[in-house]
Amino acid sequence: MKDDFWYKNAVFYEVAVRAFKDSNGDGRGDLRGIAEKIDYLQILGVDCVWIMPIYPSPLKDDGYDVADYYGVDRAYGSLDDLKGLIEAAHSHGIRIIMDLVLNHTSDEHPWFQSARSNRSAPYRDYYVWSDTDQKYKDARIVFVDTESSNWTWDEQAGQYYWHRFYSSQPDLNFDNPKVQDEMLNVARFWLDIGIDGFRVDAAPYLFEREGTICENLPETHAYLKRLRSFIHEHYPGRILLCEANQWPEDVRPYFGDGDEFHMAFHFPLMPRIFMALRRGEVGPIRWVMQQTPPIPPDCQWCTFLRNHDELTLEMVTEEEREWMWKEYAPDLRMRLNLGIRRRLAPLLDNDRRRIELAKSLLFTLPGAPIIYYGDEIGMGDNLDLFDRNGVRTPMQWDSSPNAGFTTESPYTELVKGDLAFRNVNVTAQLRDPHSLFHTIQKMIALRRRHAAFGGSSMEWVEIGNPTVAAFVRKNGDDVVLVLSNLSHDVQSVVVPPQYREDCLDLLSSCVVSLGAELELRPYSYLWLQLPNGE
Ligand code: GLC
């Protein structure tokens, strides 16, 4: 595990700890549960697991409301359990990163309890207070379905406090040097335990300034650079992954000159993969890739299709959002804030061809892909559950009662209907050589073997058909032509002369002789290795 640039060609996997595997029969998933399933993750082929927040928390935002930065919530286990998980993962060649929630705490955090008690309380300045709710009017509200203002009046404090998310999550005051230092201590604490890095939650919002949208401010970048240089100096090889739901030109500064984040999620690409699939044309993906500026050589995008939040439609136009809602969330219960609270398989009508095609795009476009737990087997969601809990249901391990997730009654209702555990589960898919799991496993293995996918180069190939995505990935001698038919019809493409050769079809291991024309079956995809140095 010596390579400091391991993240550049890694496959990531996001785990909701509470939902993954219960090891002690209390109905909730825990750290030991993940450790028990490390073999499974190794078989799948992932390089790094991101675990959602494990801090003690009142769980009003599933742990993103931190009540103690230096502990593990008892429901998930102990610090020793975390060390055990890291050890188990490392011995299987897998790294573990966790959430670093810098921007806010829970209102039950002792700092906030102290801060609200009176104006001269020692922690008062840890938060952002005001006598009016009229400041920072240009800042948008993120959770539009639940919050009507970023200010909430606190009776005890006699002032309003600032919060970008739920009112139960007061923002920390990064203008206070003590807060800045404290959060470096938090990072140090977990790095000393052995964590391999952080997914930095809600990175754009650390500072507030009048007359701005209070996102992406220079002060915020300056602090994040400080965090990076601290890690660079003391913990080389550990990474920072940025959650900034922004347009590519606004995310770009989070990479700095290679001196801020190692990685950042590519938010605008994600909805455009779904758009392209539904419209049956490559335009949206080409457009967003054109908008994506180059990043410093040691940085990497993290690409995704789904995660624990709603499928966010913040990075699309209003018209596109309406269209996405109409196409992918016809039932109003599927909509949440500015997004869609559904999982991958139900979004794509559980159509195996489209699920595979979406994954194929994810694995072949530039960036390091992340899989949301359960999407590798095509798990469903549960719309009866509140807010984003509908996509955070227990992992479906087998067909025994409670899906093999727990021996007792689970903390929440499971998925019902066609995509419930009796039909969709790990054990059955491991047994079936043709399962979705095995297809994804194969894609991951091929990705790992081919340097082309970890590089930054990607060139569109003109094939005279906008229904087919055609691009070449190249890194040194490794050159792969990727063709994806985004429609439900057979499509033919004109193969440019320089590619009319014998190629190796990586997914079938057969040699394909490319002529002037090629026909692609509906929703089919080809990864073709071109002769060396093409
Ligand atoms: C991030 C998380 C989300 C959380 C929010 C507030 O967007 O992904 O789950 O609610 O931050 O911490």
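Residues numbered from 1 in each chain as written. Predicted model: local features only at pLDDT ≥ 70, side-chain atom pairs only at ≥ 80, totals over all residues. Heavy atoms only, no water.

Undergrad: Could you give an account of the overall build of the chain, naming the residues involved and the relevant values?
TA: Each helix and strand in the chain was counted, giving 16 helices and 22 strands. In terms of C-alpha radius of gyration, the chain reaches 23 Å, essentially the compact-globule figure of 24 Å for 534 residues. For the chain, the C-alpha atoms occupy an extent of roughly 80 × 50 × 50 Å along the three principal directions. A buried classification covers 63% of the 534 residues belonging to the chain. Summed over its atoms, the accessible surface of the chain is roughly 19800 Å², and 48% of this surface lies on carbon and sulfur atoms. (Helix = DSSP H or I, 4+ residues; strand = E, 2+ residues; numbered from the N terminus. Rg over C-alpha atoms; globule rule 2.2 N^0.38 Å. Buried < 20%, exposed > 50% of the residue type's maximum accessible area, 1.4 Å probe, protein only. Areas by Shrake-Rupley, 256 points an atom, 1.4 Å probe, with all protein chains shown as cover.)

Undergrad: An account of the environment of Ile 371 is needed here, citing residue identities and associated values.
TA: Mapped onto the elements of the fold, Ile 371 is located in strand E14 (residues 368-372). For Ile 371, a relative accessible area of 0% gives the class buried. Along the sequence, Ile 371 and Ile 43 sit 328 residues apart, while their C-alpha atoms lie 14 Å from each other. With near-sequence residues (within four places) excluded, Ile 371 lies in contact with Val 11, Phe 12, Tyr 13, Glu 14, Lys 359, Phe 363, Glu 376, Ile 440 and Ile 444. (Contact = heavy atoms within 4.5 Å.)

Undergrad: Now, about the pairing of strand E18 (residues 491-494): what can you tell me, with residues and values included?
TA: A regular strand places its side chains on the two faces of the sheet in alternate fashion. The two faces of E18 differ: Gln 491 and Val 493 on one face are buried, but Ser 492 and Val 494 on the other face are not. Bridging between E18 and strand E21 (residues 517-520) involves four bridges; their strand directions are antiparallel. Bridge assignment links Val 493 to a residue of E21, and that residue is Leu 518. (Pairing = 2+ DSSP bridges.)

Undergrad: Quick rundown of helix H15 (residues 436-449)? Include the residues and the values.
TA: Its 14 residues place the ends of H15 20 Å apart at the C-alpha level, agreeing with the 20 Å of an ideal helix rising 1.5 Å per residue. Of all the residues in H15, the buried ones are Leu 436, Phe 437, Thr 439, Ile 440, Met 443, Ile 444, Leu 446 and Arg 447. Buried positions along H15 lie against helix H3 (38-44), helix H13 (352-364), E14, helix H14 (426-431), helix H16 (451-454) and strand E22 (525-529). (Expected span 1.5 Å × (residues − 1).)

Undergrad: Give a detailed account of the packing of helix H9 (residues 269-279) against helix H11 (residues 318-328), specifying residues and quantitative values.
TA: Two numbers describe how H9 lies on H11: the axes approach to 11 Å, and their chain directions differ by 65 degrees. Note that H9 runs across H11; the crossing there is left-handed. Where H9 approaches H11, its residues Pro 271, Arg 272, Phe 274, Met 275, Leu 277, Arg 278 and Arg 279 are matched on the opposing element by Glu 320, Trp 323, Met 324, Glu 327 and Tyr 328. (Axes fitted to C-alpha atoms, helices over the stretch in contact; angles between N-to-C directions. Left-handed = near helix turned anticlockwise from the far one by under 90°.)

Undergrad: Run through the site of the ligand, naming residues and quoting values.
TA: Around the ligand, the structure places 13 residues, and the nearest of them are Asp 61, His 104, Asp 201, Glu 243 and Asp 309. The separation between an oxygen atom of the ligand and a polar side-chain atom of Glu 243 is 2.8 Å. Burial of the ligand by the surrounding chains reaches 96%, relative to a free accessible area of 310 Å². A class-by-class count of the residues in the shell around the ligand yields three nonpolar, three polar and seven charged. (Near = heavy atom within 4 Å. Polar contact = N/O pair within 3.5 Å; in protein donor to acceptor, adjacent residues only side chain to side chain. Nonpolar A, V, L, I, M, F, W, Y, C, P; charged D, E, K, R; others polar.)

Undergrad: Could you give me a rundown of the nonpolar core, with the residues and numbers involved?
TA: Core analysis: the largest hydrophobic core is formed by 158 residues, its most contacted members being Phe 12, Tyr 13, Ile 51, Trp 190, Phe 198 and Trp 527. At eight residues, helix H6 (residues 177-193) tops the list of elements feeding residues into this core. Beyond its immediate chain neighbours, meaning those up to four positions away, Phe 198 contacts Ile 97, Met 98, Asp 99, Leu 100, Ala 187, Trp 190, Leu 191, Ile 231, Ile 239, Leu 240 and Leu 241. The next biggest cluster of nonpolar side chains, apart from the first, holds 18 residues, and it includes Val 461, Leu 514, Leu 518 and Leu 528. (Core = buried A, V, L, I, M, F, W, Y, C linked by side-chain atoms within 4.5 Å.)

Undergrad: Can you explain the packing of H9 against H13? Please cite residues and give values.
TA: To characterise two packed helices, one gives the angle between the axes of the helices and the distance between these axes. Viewed as axis vectors pointing N to C, H9 and H13 meet at an angle of 135 degrees, and their least axial separation amounts to 11 Å. The angle between H9 and H13 places the two elements in the oblique class. Once H9 is placed against H13, the crossing between them reads as right-handed. Taking contact as the criterion, the partners of Ile 273, Leu 277 and Arg 278 in H9 are, on H13, Arg 354, Leu 357, Ala 358 and Leu 361. (Parallel < 35°, antiparallel > 145°, perpendicular 65-115°, else oblique.)

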